[in-house]
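# Structural description and commentary
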Amino acid sequence: MALQNGYAQYKNSKLMTASPAELTLMLYEGAIKFCNIAIVACENKDIEKAHNNIRKVDRIIEEFQLTLDHKYEVAKDFDAVYSYLRQRLLEANLKKDPEILEEVLGHLRTMRDTWKEVMKQTNNGMSVNR
């Protein structure tokens, strides 16, 4: 029990001290994790677990979408990508289709990897390898 409590404190500390760039990376990592869980749940016909994890991915993408700064032209492109991913997640959830989730997962990994590169190039990635 003490080990779990220590780990929870570490995770909380990591969250509280993370830069906005690191928080964004953590959200991408979370979306990827939940998408992987949803894929396995779909394959195992665990409808509830699949649904719950697809919704977690959707909420993370929704947060990305809601926090876009539309004063930058690129925000339109990100908004379109996020809308597409959310539509695919809706389809995946209705059909419990792991192939659709694999597609979303591929996009999330690409976006995460791109974000890591941006962090490195802007010196925000000092603790990316924690």
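To start, this report covers the structure provided alongside it.

Reading the values: the criteria
Residues numbered from 1 in each chain as written. Predicted model: local features only at pLDDT ≥ 70, side-chain atom pairs only at ≥ 80, totals over all residues. Heavy atoms only, no water. Salt bridge = Lys/Arg side-chain N within 4 Å of Asp/Glu carboxyl O. Helix = DSSP H or I, 4+ residues; strand = E, 2+ residues; numbered from the N terminus. Buried < 20%, exposed > 50% of the residue type's maximum accessible area, 1.4 Å probe, protein only. Core = buried A, V, L, I, M, F, W, Y, C linked by side-chain atoms within 4.5 Å.

## Side note on the pattern of salt bridges
Summed over all chains, the structure comprises 9 salt bridges. The salt bridge involving Asp 58 is made with Arg 86; its shortest N-O contact spans 2.8 Å. With Asp 58 in helix H3 (residues 47-66) and Arg 86 in helix H4 (residues 74-95), this residue pair connects regions lying 28 residues apart in the sequence. Since its relative accessible area comes to 24%, Arg 86 is described here as partly exposed. In this structure, Asp 113 engages Arg 112 in a salt bridge whose closest nitrogen and oxygen atoms are separated by 2.8 Å. Accessibility expressed as a relative area gives 37% for Asp 113, which makes it partly exposed. Judged by its relative accessible area of 14%, Arg 112 is buried. Overlapping salt bridges, with partners in common, bring together Arg 55, Asp 58, Glu 62 and Arg 86 in one network.

## Here we look at the environment of Asn 52
One can find Asn 52 in helix H3. Judged by its relative accessible area of 34%, Asn 52 falls in the partly exposed class. Taking C-alpha positions, Asn 52 is 9.3 Å from Asn 93, a pair spaced 41 residues apart along the chain.

## Let's talk about the nonpolar core
If you look at the biggest cluster of nonpolar residues, it comprises 27 residues, and the most contacted ones within it are Cys 35, Val 57, Ile 61, Tyr 82, Leu 89, Leu 101 and Leu 108. Secondary-structure elements contributing two or more residues to this core are helix H2 (20-43), H3, H4 and helix H5 (98-121). Here the element with the most residues in this core is H2; it accounts for 9 residues.

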